[in-house]
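Each chain, letter by letter, is given below.
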Amino acid sequence: YKDKTYKFYYEMHKIFPEDYNYMPETYSFPEDRNVIIKKFGKYTLSEDNLWLIKPKKSSLGSGIYIFKKLEDTPSDYVITKYISHPHLIHKLKYDFRLYILITGFSPLKMYLYKEGIVRFTSEKYSLDLNKLDELYRHLTNVAVNKKNKNTYKKAVNADTEEGNKWSFQVYKHYCEQKGINFKHIWKQMTDISIKSILAVKDIFIKTLKSNGTKDKNHFKLFGYDFMVDEDLKVYLIEVNSRPSLLMGDINDLKLKPQLIADTLNLVGITPYSHDFNDDFKTYEGDN
């Protein structure tokens, strides 16, 4: 749930404010009811004071909109500071989907997948206060933008700058051409990923013990969503506990089957031959 990520982050932020400074300011309703009412009771829209409403239990961008007044909010939501000045490519806003695999919490064993997806909006970004309801300009969710039949485009070649989704390799090539330090961005994403897992590690260990299960018998694949602002500071937007593995375009077809294979290999699942005349000998093919 969207509120849990920020809850554990904020607990660490209170102890280590200089290290845990990678999420936009966020509040949860009804837990932070009094703070929200005080802060937003007389709210005024402005370009540098925009906030997003996100239902706690939604996915695929469903129910997300830019906050305008407290009376229009749902009963169970988070309200998070909008990054008003994101880094743009071709005047489009974008974010990153990074995959993290956890194979143990005690000791902690985590893997960052070096390839990922860059997801673009399907309309040019604008801070025009009269266009805040045009979500194709503001939300990067694929499920939202693919409904924009006029401008959303699927990539047919994963090695070129086309379509509303890019591979990391294409993004890195773009950065090289524009003099952008991708290593700096990657280092921030790596650092944030580790810190975010450390913030919840003890909770997972406690939960596993209470269930009477062993840590080594579990693994979990997470989908991390990051965004960079115009100064190339990286922000963690969400952590998805059930990232989509559907194949939507050529970038998915190139990345996700290999991601799944690498995940199963890392957790020790061994493929077997289904030749009944060979007593299920271990298959020694390519991994």
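The sections below set out a description of the structure shown in this document. Each chain has its residues counted from 1, following the order in which its sequence is written. A pLDDT threshold of at least 70 governs which residues receive local features in this predicted model, and a stricter bar of 80 or more applies before side-chain atom pairs are shown or counted, although totals over entire chains, interfaces and linings include all residues. Water and hydrogen atoms were dropped before computing side-chain values, which therefore reflect all heavy atoms in the structure.

## Topic: a positive patch on the surface
Argument step 1. A surface patch of like charges, here positive, comprises Lys146, Lys147, Lys149 and Lys154.
Argument step 2. On the secondary structure map, Lys149 appears in the loop between helix H3 (142–145) and strand S9 (165–167).
Argument step 3. Only protein chains enter the accessibility calculation, which uses a 1.4 Å probe; a residue whose area is less than 20% of its type maximum is buried, one above 50% is exposed, and one in between is partly exposed. The class of Lys149 is exposed, set by a relative accessible area of 72%. Patch membership requires over 30% relative accessible area and the absence of a salt bridge. Like charges are linked within 9 Å, and nonpolar side chains (Val, Leu, Ile, Met, Phe, Trp, Tyr) within 5 Å. Using a 1.4 Å probe, the Shrake-Rupley method yields the accessible areas, and only the shown protein chains count as cover for residues. We define a salt bridge as a contact between a side-chain nitrogen of Lys or Arg and a carboxyl oxygen of Asp or Glu at a distance within 4 Å. Only four residue types enter the charge count, namely Lys and Arg as positive and Asp and Glu as negative; His and the chain termini do not. Every charge is mapped onto a representative atom, which is NZ of Lys, CZ of Arg, CG of Asp or CD of Glu. Every helix listed is a DSSP run of H or I at least four residues long, and every strand listed is a run of E at least two residues long, numbered separately from the N terminus.

## Observations concerning helix H6 (residues 250–266)
Argument step 1. Taking 1.5 Å per residue as the helical rise, H6 with its 17 residues ought to reach 24 Å, and the 25 Å between its terminal C-alpha atoms agrees with that figure.
Argument step 2. Buried positions along H6 lie against strand S6 (92–105), strand S8 (117–120), S9 and strand S10 (220–228).
Argument step 3. Pairing of N or O atoms within 3.5 Å defines a polar contact, subject to two protein rules: one partner must be a possible hydrogen donor and the other a possible acceptor, and residues neighboring in sequence count only if both atoms are side-chain atoms. The N-terminus of H6 is capped by Asp249, whose side-chain oxygen sits 3.0 Å from the backbone nitrogen of Asn251.
Argument step 4. Trailing H6 by a residue or two, Gly268 shows a phi angle of about 90°, which is positive. Multiplying 1.5 Å by the helix residue count minus one yields the expected span of that helix. Any two residues having at least one pair of non-hydrogen atoms within 4.5 Å are treated as being in contact.

## Focus: the layout of surface pockets
Argument step 1. Within this model, the second largest pocket holds a volume of roughly 330 Å³.
Argument step 2. The wall of the second largest pocket is formed by 14 residues, among which Tyr6, Lys7, Tyr10, Ser28 and Asp32 lie closest to the centre.
Argument step 3. Those elements giving two or more residues to the lining of the second largest pocket turn out to be helix H1 (2–15) and strand S1 (26–29).
Argument step 4. Among the elements that line the lining of the second largest pocket, the one with the most residues is H1, at six residues.
Argument step 5. Each residue is assigned to one of three groups, with Ala, Val, Leu, Ile, Met, Phe, Trp, Tyr, Cys and Pro labelled nonpolar, Asp, Glu, Lys and Arg labelled charged, and all others, Gly among them, labelled polar. When the residues that make up the lining of the second largest pocket are grouped by side-chain class, the tally is five nonpolar, two polar and seven charged. Method remark: on a 1 Å grid restricted to protein atoms, a set of points is classed as a cavity if a 1.4 Å probe fits but cannot get out and as a pocket if it is open with protein on both sides within 12 Å along at least five of seven lines; lining residues have an atom within 4 Å of a point. Grid points are joined across faces, edges and corners, and a volume is the space filled by probe spheres set on the points.

## Examining the pairing of S8
Put simply, side chains in a regular strand alternate between the two faces of the sheet.
Argument step 1. Here S8 shows two buried faces, one formed by Ile117 and Arg119 and the other by Val118 and Phe120.
Argument step 2. Pairing between strands is defined by DSSP: at least two bridges between the two strands are required. Taken together, the four bridges between S6 and S8 define a ladder with antiparallel strand orientation. Bridging across to S8, Tyr94 finds its partner in Phe120.
Argument step 3. Relative to S9, S8 runs antiparallel, the two being bridged by three bridges. The partner of Arg119 across the bridge, within S9, is Lys165.

Geometry only, nothing functional implied.
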